[in-house]
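# Summary of structural features
Each chain, written out:
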Amino acid sequence: MAKKMKLTDITDMFAGMDVEALEGVTIEGDIELDLGGLGGGFDPMLAAALGQESAVLAQHFARIAGMFGYPVGIGAGAPAPAAALAAPKFKDLIPAKFDVANMADWATPIQEVRIGNTSADGGSRGKAVHVGGEKALPFYFDAEMPNRNQVTIDVFDMRIGLAKAVKQNYDEVMDSPGEWAKKNVEQFNADMITIHLISTDPLIKDTPAKEAAKVVEEVLQAVDVPIAIGGSGNPQKDPEVLAKAAEVAEGERCLLASASLNLDYAAIAEAALKYDHDVLSWTQLDMNSQKELNRKLMKQCNVPRERIIMDPTTAALGYGLDYAYTNMERIRLAALLGDDELTFPMSSGTTNAWGARESWMVGSPLKEDSDWGPREYRGPIWEIVTGLSLALAGNDLFMMMHPTSVAFLKKATQTLFGSIDAEPVDISNWIAAEV
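Residues numbered from 1 in each chain as written. Predicted model: local features only at pLDDT ≥ 70, side-chain atom pairs only at ≥ 80, totals over all residues. Heavy atoms only, no water.

### Considering the pattern of salt bridges
On inspection of all chains with the given rule, the structure shows 22 salt bridges. Lysine 237 is paired through a salt bridge with aspartate 206; the nearest N and O atoms lie 2.8 Å apart. Of this pair, lysine 237 sits in the loop between strand E5 (227–230) and helix H6 (238–248) while aspartate 206 sits in the loop between strand E4 (192–196) and helix H5 (209–222), placing them 31 residues apart in sequence. Its relative accessible area of 11% is what places lysine 237 among the buried residues. One salt bridge in this structure joins arginine 307 and aspartate 278, with 3.7 Å as the shortest N-O distance. Remark: aspartate 278 occurs in strand E7 (residues 278–282) and arginine 307 occurs in the loop between helix H8 (287–299) and strand E8 (308–311); sequence separation between them is 29 residues. Each member of the pair, arginine 307 as well as aspartate 278, carries the same accessibility label: buried. Look at the salt bridges and you will find they share partners, linking Lys127, Arg148, Asp191 and Lys410 into a network. (Salt bridge = Lys/Arg side-chain N within 4 Å of Asp/Glu carboxyl O. Helix = DSSP H or I, 4+ residues; strand = E, 2+ residues; numbered from the N terminus. Buried < 20%, exposed > 50% of the residue type's maximum accessible area, 1.4 Å probe, protein only.)

In structure tokens form, the structure reads like this:
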């Protein structure tokens, strides 16, 4: 195999030797241009780099020609690298037209799921909640949403630490889950109630599953809206707790929250099927994991499609909301394009917004930071922005806490949905300027 040499190796070979000219010498070989570090395509930056390499190459050839006795002037030499390459100039932009009527590729509707059984279905709920059924991205006027967004407000089975702006709305009912649920429905217009059985965590109170189930019965008796039932998040204890809760709520078609890949999801699916409930399929910001869990629920556990709702995880404003939005939007687009492992309505733990310190702290811990403003307004706004953003990504069901956040989100989404007339706005007063 021939040895590779650089042109500098030839000139270095004669360094220190008093060679004035070479006669009868022929150099044969291929020339390789090293443009490492540049991407593909022939753009202006690539052209400039190629020209610079060529100039350097010409200098080497000129030196070798001089050694052979041929008078070649190097001239002005290679130009110095430009301080900054000029941006490419575009002559024409590619014409584009926005057309919401081009729905030919969106052939697969989102599965509609009912939560709650009325007396006609064998339950005792005063109404049922329906989510899903979309045939397009949310709020597009050429493919109307069949069901509006729904809001379920949180209740806990024990007094817990809450942000001041939230706690002041619930302080007098926090020792009674039934009264807490009733207040959410009667005063704060909750569509659903989510009861979180967090006291069952072995590291908190380790409440037995049988005792926790009594709280579920209390909430079911206090309100007649559909309910979601959550555990403590302990992967060892939750399957037992949710199975017992499902048993005492038999026939009410509750939403068991939740089945995930890091616990015995089959046990939760079995309880849902045995006692007539829906399953919340929860994964952590990963579309492929969501597909895997949905597939296992359907294929291994035989959960019908009309009993599955997805929770792809909500990262709050300032803590990855852009990623949560993108994840949900990708899931919804893939579903509309025919991925039958993702054609399910979505749920958001919008309450996660209160985990962001900017939503509840008095002010920034950094002295040089700007004023954050009153937290009484900042916290609800944090929850509203988180929820409203995900509504635009296709989310159907919102788990929330602050009454103001709930009221605003419901008004905004129902206005977009078309069930509330939008108030006329004088847009001429939006911007004022002095010259």
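### Brief notes about the nonpolar core
Core analysis: the biggest nonpolar cluster contains 83 residues, and Ile193, Leu197, Ile227, Ile229 and Leu297 have the highest contact counts within it. For this core, the leading source of residues is helix H9 (residues 321–336), giving seven residues. When neighbours within four sequence positions are excluded, leucine 297 is seen to be in contact with Ala259, Tyr265, Ala269, Val279, Ser281, Asn302, Val303 and Ile308. (Core = buried A, V, L, I, M, F, W, Y, C linked by side-chain atoms within 4.5 Å. Contact = heavy atoms within 4.5 Å.)

### A few points about unusual backbone geometry
In this chain, alanine 257 is followed by serine 258 through a cis amide linkage whose omega measures 10°. Note that serine 258 resides in strand E6 (residues 255–259). Positioned with a positive phi, phenylalanine 139 is a non-glycine residue whose angle comes to about 65°. Within the secondary structure, phenylalanine 139 is located in the loop between strand E2 (129–131) and strand E3 (150–156). Even without a glycine there, the phi angle at arginine 253 is positive, about 50°. The class of arginine 253 is buried, set by a relative accessible area of 7%.

### So, the sheet that holds E5
A sheet is described by the order of its strands in space; here eight strands give the open sequence E8-E7-E6-E5-E4-E3-E10-E9, paired in parallel fashion. The outermost strands of the open sheet, each flanked by one partner alone, are E8 and strand E9 (347–348). In the sheet, E3 pairs with strand E10 (residues 397–400) via four bridges, with the strands oriented parallel. Bridge pairing in E10 places isoleucine 153 opposite methionine 400. (Pairing = 2+ DSSP bridges.)

### A closer look at the packing of helix H4 (residues 177–186) against H5
Two numbers describe how H4 lies on H5: the axes approach to 8 Å, and their chain directions differ by 35°. Viewed along their axes, H4 and H5 form a crossing whose handedness is right-handed. Here Pro177, Gly178, Ala181 and Lys182 of H4 come into contact with H5, specifically with Val215, Glu218, Val219 and Ala222. Split into classes, the residues belonging to the contact of H4 with H5 amount to five nonpolar, one polar and two charged. (Axes fitted to C-alpha atoms, helices over the stretch in contact; angles between N-to-C directions. Left-handed = near helix turned anticlockwise from the far one by under 90°. Nonpolar A, V, L, I, M, F, W, Y, C, P; charged D, E, K, R; others polar.)

### Points about the pairing of E10
Along E10, one buried face is formed by Leu397 and Met399 and the opposite face, lined by Phe398 and Met400, is buried too. Pairing of E9 with E10 involves two bridges; the strand directions are parallel. Within E10, the position partnered with serine 348 by the bridge is phenylalanine 398.

### A short note on H5
For an α-helix, the turn length of 3.6 residues means that residues three or four places apart are oriented alike. With 14 residues, H5 extends 20 Å between its outermost C-alpha atoms, agreeing within 8% with the 20 Å of an ideal straight helix rising 1.5 Å per residue. If you check which residues of H5 are buried, you get Ala209, Ala212, Ala213, Val215, Val216, Val219 and Leu220. The arc that holds the buried residues of H5, viewed along the axis, is 150°, so those residues lie on one side. Residues of H5 that are exposed and angled more than 90 degrees away from the buried face: Lys210 and Gln221. (Expected span 1.5 Å × (residues − 1). Arc of directions from axis to C-beta.)

### Some points on H8
When the terminal C-alpha atoms of H8 are compared, their 18 Å separation across 13 residues agrees well with the 18 Å that a helix rising 1.5 Å per residue should span. The set of residues buried in H8 consists of Met287, Gln290, Lys291, Leu293, Asn294, Leu297 and Met298. In the core, the buried residues of H8 are packed alongside E6, helix H7 (265–275), E7, E8 and H9. With a side-chain oxygen positioned 3.4 Å from the backbone nitrogen of asparagine 288, the residue opening H8 is aspartate 286. (Polar contact = N/O pair within 3.5 Å; in protein donor to acceptor, adjacent residues only side chain to side chain.)

### Considerations on the packing of aromatic side chains
Following the criterion strictly, the structure yields three aromatic pairs and no others. Centre to centre, the rings of tyrosine 170 and tryptophan 180 are 5.6 Å apart; their planes meet at 35°, and the pair counts as tilted. In this pair, tyrosine 170 is assigned in the loop between helix H3 (164–167) and H4 and tryptophan 180 in helix H4, connecting sequence segments ten residues apart. Residue tyrosine 170 shares its accessibility class with tryptophan 180, and that shared class is buried. (Phe/Tyr/Trp six-rings, centres within 6.5 Å; stacked < 30°, edge-to-face > 60°.)

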